[in-house]
Amino acid sequence: MAAVGDALREHMPADQVPLVETARSLAQGAFRQRSDSFDRENRFPTENYDDLYRSGLLALMVPKAYGGAGADAITYVGVLSEIAKGCAATGLTFNMHCAIIDFLSQIASEEQKRRYYGEIVNEGAILASITSEPANSFRDVFKVKTAIETDGDGFRLTGRKGWGSLSTAARYYFTWSRLKPSASIQEGLLNVMVPAAREGVIVVDDWDTVGMRATASNSIDFDNVRIEPGEVIGAPGVLLTKDLSFWSLGYTAVYVGIAEAAFDYCVAYGREQLKLFEPGSAQAVRVQRQVGQMSMILEGARRATSQLALMRGRLDPVELSYILNQAKYLATEAAVSIAQAGMRMLGGSSLNRSLPMQQFLRDAQAGLVMPPANDRCIETVGGIALGIEAKTVAFS
(Lines give C-alpha, C1' and ligand atoms only; values in the text may rest on other atoms or scores of the structure.)
Protein backbone atom coordinates (compact mmCIF):
# COMPACT_ATOMS: atom_id res chain seq x y z
CA MET A 1 0.00 0.00 0.00
CA ALA A 2 3.03 2.30 -0.02
CA ALA A 3 3.02 5.31 -2.30
CA VAL A 4 5.37 5.08 -5.27
CA GLY A 5 7.86 7.47 -3.65
CA ASP A 6 7.98 5.34 -0.50
CA ALA A 7 8.15 2.05 -2.38
CA LEU A 8 11.17 3.26 -4.33
CA ARG A 9 12.97 4.77 -1.35
CA GLU A 10 15.19 1.75 -0.67
CA HIS A 11 16.49 1.94 -4.24
CA MET A 12 17.42 5.62 -4.09
CA PRO A 13 20.90 6.94 -3.30
CA ALA A 14 20.91 8.06 0.34
CA ASP A 15 21.57 11.69 -0.56
CA GLN A 16 18.49 11.79 -2.83
CA VAL A 17 15.88 10.53 -0.38
CA PRO A 18 15.47 14.02 1.18
CA LEU A 19 14.45 15.33 -2.27
CA VAL A 20 11.31 13.21 -2.13
CA GLU A 21 10.54 14.51 1.36
CA THR A 22 10.98 18.08 0.16
CA ALA A 23 8.62 17.47 -2.74
CA ARG A 24 6.06 15.86 -0.42
CA SER A 25 6.19 18.78 2.02
CA LEU A 26 5.66 21.34 -0.74
CA ALA A 27 2.95 19.32 -2.45
CA GLN A 28 0.86 18.57 0.62
CA GLY A 29 1.24 22.11 1.87
CA ALA A 30 1.39 25.11 -0.44
CA PHE A 31 0.81 23.26 -3.73
CA ARG A 32 -2.40 21.61 -2.59
CA GLN A 33 -3.65 24.88 -1.09
CA ARG A 34 -3.05 26.78 -4.32
CA SER A 35 -4.17 24.15 -6.81
CA ASP A 36 -7.84 25.14 -6.85
CA SER A 37 -7.14 28.82 -7.46
CA PHE A 38 -4.75 28.09 -10.33
CA ASP A 39 -7.42 25.87 -11.87
CA ARG A 40 -10.22 28.41 -11.44
CA GLU A 41 -8.12 31.28 -12.77
CA ASN A 42 -6.63 29.25 -15.63
CA ARG A 43 -3.26 30.57 -14.45
CA PHE A 44 0.25 29.15 -14.52
CA PRO A 45 1.46 28.10 -11.02
CA THR A 46 4.27 30.66 -10.81
CA GLU A 47 4.36 30.56 -7.03
CA ASN A 48 4.92 26.80 -7.09
CA TYR A 49 7.86 27.22 -9.44
CA ASP A 50 9.32 29.84 -7.14
CA ASP A 51 9.15 27.21 -4.39
CA LEU A 52 10.72 24.60 -6.66
CA TYR A 53 13.60 26.95 -7.37
CA ARG A 54 14.16 27.94 -3.73
CA SER A 55 14.09 24.28 -2.66
CA GLY A 56 16.59 23.20 -5.32
CA LEU A 57 14.08 20.93 -7.06
CA LEU A 58 13.99 23.02 -10.23
CA ALA A 59 17.51 21.70 -10.89
CA LEU A 60 16.53 18.15 -9.89
CA MET A 61 17.77 16.58 -13.14
CA VAL A 62 20.72 18.91 -13.74
CA PRO A 63 23.89 16.83 -13.24
CA LYS A 64 25.82 17.45 -10.04
CA ALA A 65 28.84 18.57 -12.07
CA TYR A 66 26.81 21.60 -13.15
CA GLY A 67 25.39 22.41 -9.71
CA GLY A 68 22.16 20.40 -9.82
CA ALA A 69 20.83 17.53 -7.74
CA GLY A 70 21.75 14.93 -10.37
CA ALA A 71 18.74 12.76 -9.59
CA ASP A 72 18.35 9.35 -11.21
CA ALA A 73 15.13 8.01 -12.77
CA ILE A 74 14.07 6.35 -9.52
CA THR A 75 14.30 9.53 -7.49
CA TYR A 76 12.71 11.50 -10.31
CA VAL A 77 9.61 9.31 -10.31
CA GLY A 78 9.37 9.58 -6.54
CA VAL A 79 9.67 13.38 -6.57
CA LEU A 80 7.36 13.92 -9.53
CA SER A 81 4.59 11.67 -8.23
CA GLU A 82 4.62 13.63 -4.97
CA ILE A 83 4.47 16.99 -6.76
CA ALA A 84 1.53 15.80 -8.88
CA LYS A 85 -0.37 14.70 -5.77
CA GLY A 86 -0.39 18.32 -4.66
CA CYS A 87 -0.84 20.04 -8.02
CA ALA A 88 -1.17 18.01 -11.19
CA ALA A 89 -0.48 20.97 -13.48
CA THR A 90 2.76 21.70 -11.66
CA GLY A 91 3.77 18.06 -11.99
CA LEU A 92 2.95 17.86 -15.67
CA THR A 93 4.78 21.04 -16.61
CA PHE A 94 7.74 20.16 -14.39
CA ASN A 95 8.09 16.97 -16.42
CA MET A 96 8.39 19.02 -19.61
CA HIS A 97 11.10 21.17 -18.03
CA CYS A 98 13.02 18.12 -16.81
CA ALA A 99 12.64 16.29 -20.12
CA ILE A 100 14.51 19.07 -21.88
CA ILE A 101 17.26 18.89 -19.26
CA ASP A 102 17.52 15.19 -20.09
CA PHE A 103 17.66 15.87 -23.84
CA LEU A 104 20.39 18.46 -23.31
CA SER A 105 22.42 15.87 -21.44
CA GLN A 106 22.21 13.63 -24.52
CA ILE A 107 22.81 16.01 -27.41
CA ALA A 108 23.94 19.48 -26.25
CA SER A 109 27.51 20.75 -26.47
CA GLU A 110 29.53 21.34 -23.34
CA GLU A 111 29.18 25.09 -23.77
CA GLN A 112 25.39 24.78 -24.10
CA LYS A 113 25.16 22.61 -20.99
CA ARG A 114 27.12 25.15 -18.95
CA ARG A 115 24.89 27.95 -20.22
CA TYR A 116 21.43 26.44 -19.80
CA TYR A 117 22.16 24.38 -16.71
CA GLY A 118 23.79 27.44 -15.13
CA GLU A 119 20.72 29.57 -15.74
CA ILE A 120 18.47 26.93 -14.19
CA VAL A 121 20.65 26.52 -11.09
CA ASN A 122 21.56 30.16 -10.55
CA GLU A 123 18.61 32.09 -11.97
CA GLY A 124 15.64 29.75 -11.87
CA ALA A 125 15.28 29.57 -15.65
CA ILE A 126 12.44 27.34 -16.86
CA LEU A 127 12.63 25.31 -20.08
CA ALA A 128 9.59 24.38 -22.18
CA SER A 129 9.13 21.51 -24.60
CA ILE A 130 7.39 23.03 -27.63
CA THR A 131 7.15 20.17 -30.12
CA SER A 132 3.47 19.40 -30.83
CA GLU A 133 1.66 20.90 -33.81
CA PRO A 134 -2.08 21.66 -34.11
CA ALA A 135 -2.58 19.76 -37.36
CA ASN A 136 -0.62 16.70 -36.24
CA SER A 137 -0.97 13.92 -33.70
CA PHE A 138 1.51 11.57 -32.07
CA ARG A 139 -1.34 9.06 -32.26
CA ASP A 140 -0.39 8.54 -35.94
CA VAL A 141 2.75 9.31 -37.94
CA PHE A 142 3.84 12.76 -36.78
CA LYS A 143 4.60 15.05 -39.72
CA VAL A 144 6.77 17.99 -38.70
CA LYS A 145 5.50 21.06 -40.57
CA THR A 146 7.33 23.81 -38.70
CA ALA A 147 10.08 24.88 -41.10
CA ILE A 148 13.59 26.15 -40.53
CA GLU A 149 16.01 27.41 -43.19
CA THR A 150 19.48 28.85 -43.24
CA ASP A 151 19.97 32.59 -42.76
CA GLY A 152 23.62 33.54 -43.02
CA ASP A 153 25.42 31.82 -40.17
CA GLY A 154 22.13 31.05 -38.45
CA PHE A 155 18.56 30.07 -39.28
CA ARG A 156 14.98 31.35 -39.56
CA LEU A 157 12.14 29.45 -37.90
CA THR A 158 8.52 29.62 -39.11
CA GLY A 159 5.43 27.70 -38.04
CA ARG A 160 2.85 27.14 -35.32
CA LYS A 161 3.23 24.82 -32.35
CA GLY A 162 0.33 23.64 -30.23
CA TRP A 163 -0.09 22.48 -26.65
CA GLY A 164 2.92 24.53 -25.61
CA SER A 165 2.98 23.88 -21.86
CA LEU A 166 4.82 26.56 -19.82
CA SER A 167 4.27 29.01 -22.70
CA THR A 168 3.90 32.02 -20.41
CA ALA A 169 6.58 31.03 -17.90
CA ALA A 170 9.54 29.54 -19.76
CA ARG A 171 12.68 31.47 -20.56
CA TYR A 172 13.48 29.14 -23.44
CA TYR A 173 11.43 27.02 -25.83
CA PHE A 174 13.06 23.79 -26.96
CA THR A 175 11.46 23.02 -30.30
CA TRP A 176 12.05 20.95 -33.39
CA SER A 177 11.41 21.74 -37.01
CA ARG A 178 12.07 20.42 -40.53
CA LEU A 179 15.20 21.80 -42.15
CA LYS A 180 14.65 23.05 -45.68
CA PRO A 181 15.56 21.38 -47.91
CA SER A 182 16.00 17.88 -46.48
CA ALA A 183 15.24 14.54 -48.07
CA SER A 184 13.99 12.88 -44.89
CA ILE A 185 13.09 13.67 -41.31
CA GLN A 186 16.14 11.69 -40.22
CA GLU A 187 18.29 14.22 -42.07
CA GLY A 188 16.22 17.30 -41.34
CA LEU A 189 14.84 17.24 -37.78
CA LEU A 190 16.60 20.20 -36.22
CA ASN A 191 16.34 21.06 -32.53
CA VAL A 192 16.71 24.65 -31.38
CA MET A 193 16.44 26.56 -28.11
CA VAL A 194 14.42 29.71 -28.76
CA PRO A 195 14.45 32.55 -26.21
CA ALA A 196 10.83 33.26 -25.33
CA ALA A 197 11.44 37.00 -25.63
CA ARG A 198 12.87 36.76 -29.17
CA GLU A 199 11.27 38.94 -31.84
CA GLY A 200 8.74 37.00 -33.88
CA VAL A 201 7.70 34.67 -31.03
CA ILE A 202 3.96 35.05 -30.43
CA VAL A 203 2.10 33.27 -27.62
CA VAL A 204 -1.52 32.77 -28.66
CA ASP A 205 -3.93 33.02 -25.74
CA ASP A 206 -6.00 29.94 -26.63
CA TRP A 207 -5.64 27.58 -23.65
CA ASP A 208 -9.06 27.20 -22.01
CA THR A 209 -9.64 23.54 -21.29
CA VAL A 210 -11.56 21.29 -18.91
CA GLY A 211 -8.47 19.74 -17.32
CA MET A 212 -4.83 20.68 -16.73
CA ARG A 213 -5.95 24.29 -16.94
CA ALA A 214 -2.91 25.72 -15.16
CA THR A 215 -0.34 24.31 -17.59
CA ALA A 216 -0.49 27.42 -19.84
CA SER A 217 -0.36 25.14 -22.89
CA ASN A 218 -1.05 27.88 -25.42
CA SER A 219 -0.23 27.72 -29.11
CA ILE A 220 2.95 29.50 -30.15
CA ASP A 221 3.63 31.11 -33.51
CA PHE A 222 7.19 31.41 -34.75
CA ASP A 223 7.13 34.19 -37.34
CA ASN A 224 10.45 34.16 -39.18
CA VAL A 225 12.31 33.93 -35.87
CA ARG A 226 16.07 34.32 -36.02
CA ILE A 227 18.01 31.37 -34.56
CA GLU A 228 21.65 31.98 -33.67
CA PRO A 229 24.25 29.25 -34.33
CA GLY A 230 24.73 28.56 -30.62
CA GLU A 231 21.00 27.95 -30.19
CA VAL A 232 20.99 24.85 -32.40
CA ILE A 233 21.02 21.80 -30.12
CA GLY A 234 22.71 18.78 -31.70
CA ALA A 235 23.08 17.76 -35.34
CA PRO A 236 20.05 17.32 -37.62
CA GLY A 237 18.22 14.09 -36.86
CA VAL A 238 20.38 13.16 -33.87
CA LEU A 239 17.54 13.28 -31.35
CA LEU A 240 15.76 10.48 -33.22
CA THR A 241 18.68 8.20 -32.35
CA LYS A 242 18.49 8.95 -28.63
CA ASP A 243 16.35 7.79 -25.72
CA LEU A 244 13.08 9.78 -25.74
CA SER A 245 11.44 7.78 -22.97
CA PHE A 246 11.84 10.51 -20.37
CA TRP A 247 8.59 12.20 -21.42
CA SER A 248 6.53 9.08 -20.82
CA LEU A 249 8.42 8.16 -17.66
CA GLY A 250 7.29 11.49 -16.29
CA TYR A 251 3.73 11.23 -17.58
CA THR A 252 3.44 7.91 -15.77
CA ALA A 253 4.65 9.44 -12.50
CA VAL A 254 2.28 12.39 -12.84
CA TYR A 255 -0.82 10.31 -13.39
CA VAL A 256 -0.01 7.76 -10.71
CA GLY A 257 0.36 10.78 -8.43
CA ILE A 258 -3.15 11.94 -9.34
CA ALA A 259 -4.44 8.41 -8.73
CA GLU A 260 -2.79 8.35 -5.30
CA ALA A 261 -4.23 11.75 -4.40
CA ALA A 262 -7.75 10.67 -5.36
CA PHE A 263 -7.34 7.39 -3.47
CA ASP A 264 -6.04 9.09 -0.33
CA TYR A 265 -9.01 11.44 -0.35
CA CYS A 266 -11.44 8.54 -0.72
CA VAL A 267 -9.79 6.62 2.13
CA ALA A 268 -10.07 9.63 4.43
CA TYR A 269 -13.69 10.12 3.39
CA GLY A 270 -14.45 6.42 3.84
CA ARG A 271 -13.06 6.40 7.37
CA GLU A 272 -15.37 9.23 8.29
CA GLN A 273 -18.30 7.43 6.71
CA LEU A 274 -17.60 4.25 8.70
CA LYS A 275 -18.12 6.20 11.92
CA LEU A 276 -21.77 6.62 10.87
CA PHE A 277 -22.48 2.93 10.18
CA GLU A 278 -22.65 -0.23 12.24
CA PRO A 279 -19.68 -2.57 11.60
CA GLY A 280 -20.67 -5.21 9.07
CA SER A 281 -23.73 -3.28 7.92
CA ALA A 282 -24.55 -3.05 4.24
CA GLN A 283 -23.41 0.57 4.22
CA ALA A 284 -20.07 -0.27 5.85
CA VAL A 285 -19.44 -3.16 3.48
CA ARG A 286 -20.21 -0.90 0.53
CA VAL A 287 -17.51 1.54 1.66
CA GLN A 288 -15.04 -1.33 2.07
CA ARG A 289 -15.78 -2.61 -1.43
CA GLN A 290 -15.40 0.83 -2.98
CA VAL A 291 -12.03 1.42 -1.34
CA GLY A 292 -10.91 -2.15 -2.04
CA GLN A 293 -11.61 -1.86 -5.76
CA MET A 294 -9.74 1.44 -5.94
CA SER A 295 -6.81 -0.04 -4.06
CA MET A 296 -6.45 -2.92 -6.52
CA ILE A 297 -6.55 -0.59 -9.51
CA LEU A 298 -3.97 1.69 -7.89
CA GLU A 299 -1.66 -1.15 -6.91
CA GLY A 300 -1.33 -2.31 -10.52
CA ALA A 301 -0.39 1.20 -11.60
CA ARG A 302 2.08 1.62 -8.73
CA ARG A 303 3.86 -1.63 -9.51
CA ALA A 304 4.11 -0.84 -13.22
CA THR A 305 5.44 2.65 -12.44
CA SER A 306 8.01 1.32 -9.99
CA GLN A 307 9.15 -1.34 -12.45
CA LEU A 308 9.60 1.29 -15.15
CA ALA A 309 11.66 3.51 -12.86
CA LEU A 310 13.84 0.61 -11.73
CA MET A 311 14.38 -0.97 -15.16
CA ARG A 312 14.55 2.06 -17.50
CA GLY A 313 18.32 2.11 -17.83
CA ARG A 314 18.73 -1.67 -18.09
CA LEU A 315 16.47 -2.62 -21.01
CA ASP A 316 16.91 -2.71 -24.74
CA PRO A 317 14.64 -0.34 -26.72
CA VAL A 318 11.94 -2.94 -27.42
CA GLU A 319 11.75 -4.13 -23.80
CA LEU A 320 11.68 -0.52 -22.60
CA SER A 321 8.89 0.35 -25.02
CA TYR A 322 6.90 -2.63 -23.76
CA ILE A 323 6.94 -1.73 -20.07
CA LEU A 324 6.81 2.02 -20.72
CA ASN A 325 3.57 1.76 -22.68
CA GLN A 326 2.12 -0.59 -20.08
CA ALA A 327 3.01 1.75 -17.22
CA LYS A 328 1.73 4.89 -18.91
CA TYR A 329 -1.54 3.16 -19.78
CA LEU A 330 -2.06 1.70 -16.31
CA ALA A 331 -1.23 4.95 -14.52
CA THR A 332 -3.55 7.13 -16.57
CA GLU A 333 -6.39 4.62 -16.54
CA ALA A 334 -6.00 4.27 -12.76
CA ALA A 335 -6.19 8.04 -12.28
CA VAL A 336 -9.40 8.26 -14.30
CA SER A 337 -10.99 5.15 -12.78
CA ILE A 338 -10.26 6.10 -9.17
CA ALA A 339 -11.41 9.69 -9.65
CA GLN A 340 -14.62 8.46 -11.27
CA ALA A 341 -15.18 6.01 -8.42
CA GLY A 342 -14.48 8.82 -5.99
CA MET A 343 -17.17 10.95 -7.61
CA ARG A 344 -19.67 8.14 -7.10
CA MET A 345 -18.53 7.54 -3.55
CA LEU A 346 -18.94 11.18 -2.56
CA GLY A 347 -22.27 11.45 -4.34
CA GLY A 348 -23.71 14.85 -5.21
CA SER A 349 -21.17 16.70 -3.07
CA SER A 350 -18.44 15.57 -5.49
CA LEU A 351 -19.73 18.12 -8.00
CA ASN A 352 -18.88 20.95 -5.63
CA ARG A 353 -15.77 22.77 -6.79
CA SER A 354 -14.73 23.27 -3.20
CA LEU A 355 -13.88 19.55 -3.10
CA PRO A 356 -10.91 18.31 -5.14
CA MET A 357 -12.38 15.11 -6.63
CA GLN A 358 -13.83 16.85 -9.67
CA GLN A 359 -10.43 18.42 -10.39
CA PHE A 360 -8.68 15.07 -10.00
CA LEU A 361 -11.04 13.67 -12.63
CA ARG A 362 -10.70 16.59 -15.03
CA ASP A 363 -6.91 16.55 -14.81
CA ALA A 364 -6.77 12.77 -15.13
CA GLN A 365 -8.73 12.82 -18.39
CA ALA A 366 -5.83 14.58 -20.11
CA GLY A 367 -3.63 11.54 -19.59
CA LEU A 368 -5.75 9.38 -21.87
CA VAL A 369 -4.72 11.39 -24.93
CA MET A 370 -1.22 12.57 -24.01
CA PRO A 371 1.45 10.86 -26.12
CA PRO A 372 1.56 8.00 -26.31
CA ALA A 373 -2.26 8.07 -26.30
CA ASN A 374 -3.68 5.10 -24.46
CA ASP A 375 -5.03 3.55 -27.66
CA ARG A 376 -1.50 3.74 -29.06
CA CYS A 377 -0.13 2.18 -25.87
CA ILE A 378 -2.42 -0.82 -26.30
CA GLU A 379 -1.46 -1.27 -29.95
CA THR A 380 2.25 -0.97 -29.20
CA VAL A 381 2.17 -3.47 -26.35
CA GLY A 382 0.08 -5.87 -28.44
CA GLY A 383 2.40 -5.57 -31.40
CA ILE A 384 5.50 -6.27 -29.31
CA ALA A 385 3.83 -9.24 -27.64
CA LEU A 386 3.02 -10.63 -31.09
CA GLY A 387 6.53 -10.06 -32.39
CA ILE A 388 5.45 -7.25 -34.72
CA GLU A 389 7.50 -4.07 -35.06
CA ALA A 390 5.64 -1.45 -33.07
CA LYS A 391 6.80 2.11 -32.46
CA THR A 392 5.47 4.36 -29.74
CA VAL A 393 6.11 7.44 -31.89
CA ALA A 394 6.80 7.65 -35.62
CA PHE A 395 7.95 10.71 -37.57
CA SER A 396 7.95 11.79 -41.19
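On a predicted model such as this, the values are computed, not experimentally measured, just so you know.

Student: Quick question: what am I supposed to make of the overall build of the protein chain here?
Tutor: The helix and strand inventory of the protein chain stands at 12 helices and 9 strands. Since a compact globule built from 396 residues should have a radius of gyration of about 21 Å, the 21 Å found for the protein chain is in line with a globular shape. Relative to its 396 residues, the protein chain shows a buried fraction of 55%. Looking at the protein chain, you have 39 positive and 44 negative side-chain charges, and the mean spots of the two groups are 3 Å apart.

Student: Please explain the pattern of salt bridges as it appears in this structure.
Tutor: Opposite charge on two side chains lets them pair, provided their charged atoms get close. Here the structure, examined in full by the defined rule, presents 32 salt bridges. Across the pair R171 and E119 runs a salt bridge whose closest N-O atoms are separated by 2.7 Å. Taken together, the residues span a long stretch of sequence, with R171 in the loop between β4 (154–164) and β5 (172–179) and E119 in helix α6 (residues 110–123) at a distance of 52 residues. Note that D151 is salt-bridged to R156, the shortest N-O span being 3.0 Å. Of the residues examined, D151 reaches a relative accessible area of 27% and is grouped as partly exposed. Three or more residues joined by partner-sharing salt bridges are found here, namely K85, E260, D264, E299, R302 and R303.

Student: I keep staring at the packing of aromatic side chains and nothing clicks. Help me out?
Tutor: Centre distance and the angle of the planes are the two values used to describe a pair of aromatic rings. Within this structure, the stated rule accounts for 7 aromatic pairs. Aromatic pair Y66 and Y117: ring centres 5.1 Å apart, planes at 70°, arrangement edge-to-face. With Y66 in the loop between α3 (46–55) and α4 (73–86) and Y117 in helix α6, this residue pair connects regions lying 51 residues apart in the sequence. Both rings, one in W176 and one in W247, keep their centres 5.9 Å apart while their planes meet at 85°; by these two values the pair is edge-to-face. A residue pair is termed long-range when its members are at least 10 positions apart, and W176 in strand β5 and W247 in helix α8 (residues 246–274) qualify at 71 residues. An aromatic cluster is present here, built from F103, F174, W176 and W247 joined pairwise through their rings.

Student: Just to check I follow, could you spell out empty space enclosed by the protein for this structure?
Tutor: In this approach, a probe sized like a water molecule rolls over the atoms, and the result shows the empty space that is left. In this structure the tally under the stated criterion is 2 cavities of 30 Å³ or more. What lines the largest cavity is R32, S35, A84, K85, A88, I258, A261, Q359, F360 and D363. At the level of secondary structure, the elements contributing two or more residues to the lining of the largest cavity comprise α2 (17–41), α4, α8 and α11 (357–367). In terms of residue count, α11 provides more of the lining of the largest cavity than any other element does, 3 residues in total. Partitioning the lining of the largest cavity into residue classes produces 5 nonpolar, 2 polar and 3 charged. Size it by volume and the second largest cavity reaches roughly 40 Å³. Lining the second largest cavity we find S35, F38, D39, C87, A89, M212, R213, A214, Q359 and D363. For the lining of the second largest cavity, the secondary structure elements donating two or more residues are α2 and α11. The element that contributes the greatest number of residues to the lining of the second largest cavity is α2, accounting for 3 residues. Counted by class, the lining of the second largest cavity contains 5 nonpolar, 2 polar and 3 charged residues.

Student: Would you mind showing me how to read the environment of T215 here?
Tutor: By the secondary structure assignment, T215 is in the loop between β7 (201–204) and β8 (218–227). Sequence separation between T215 and N42 is 173 residues; the distance between their C-alpha atoms is 8.2 Å. If sequence neighbours within four positions are ignored, T215 has contacts with F44, A89, L92, T93, S165, L166 and W207.

Student: Mind showing me how you'd approach the nonpolar core here?
Tutor: Generally speaking, soluble globular proteins have nonpolar side chains that are buried together. Residues L60, F94 and Y255 are the most contacted members of the largest nonpolar core, which totals 122 residues. No other element matches the 15 residues that α8 contributes to this core.

Student: Mind showing me how you'd approach α8 here?
Tutor: Three- or four-residue spacings in an α-helix give side chains the same orientation, since the helix completes a turn every 3.6 residues. The terminal C-alpha atoms of α8 lie 42 Å apart, and with 29 residues this matches the ideal 42 Å at 1.5 Å per residue to within 8%. Of all 29 residues in α8, 22 are buried; the element is thus mostly enclosed.

Rules behind the numbers
Residues numbered from 1 in each chain as written. Predicted model: local features only at pLDDT ≥ 70, side-chain atom pairs only at ≥ 80, totals over all residues. Heavy atoms only, no water. Helix = DSSP H or I, 4+ residues; strand = E, 2+ residues; numbered from the N terminus. Rg over C-alpha atoms; globule rule 2.2 N^0.38 Å. Buried < 20%, exposed > 50% of the residue type's maximum accessible area, 1.4 Å probe, protein only. Lys, Arg positive; Asp, Glu negative; His and termini not counted. Charge placed at Lys NZ, Arg CZ, Asp CG, Glu CD. Salt bridge = Lys/Arg side-chain N within 4 Å of Asp/Glu carboxyl O. Phe/Tyr/Trp six-rings, centres within 6.5 Å; stacked < 30°, edge-to-face > 60°. 1 Å grid on protein atoms, 1.4 Å probe; cavity = no way out; pocket = protein on both sides within 12 Å on 5 of 7 lines; lining within 4 Å. Points joined across faces, edges and corners; volume = space filled by probe spheres on them. Nonpolar A, V, L, I, M, F, W, Y, C, P; charged D, E, K, R; others polar. Contact = heavy atoms within 4.5 Å. Core = buried A, V, L, I, M, F, W, Y, C linked by side-chain atoms within 4.5 Å. Expected span 1.5 Å × (residues − 1).

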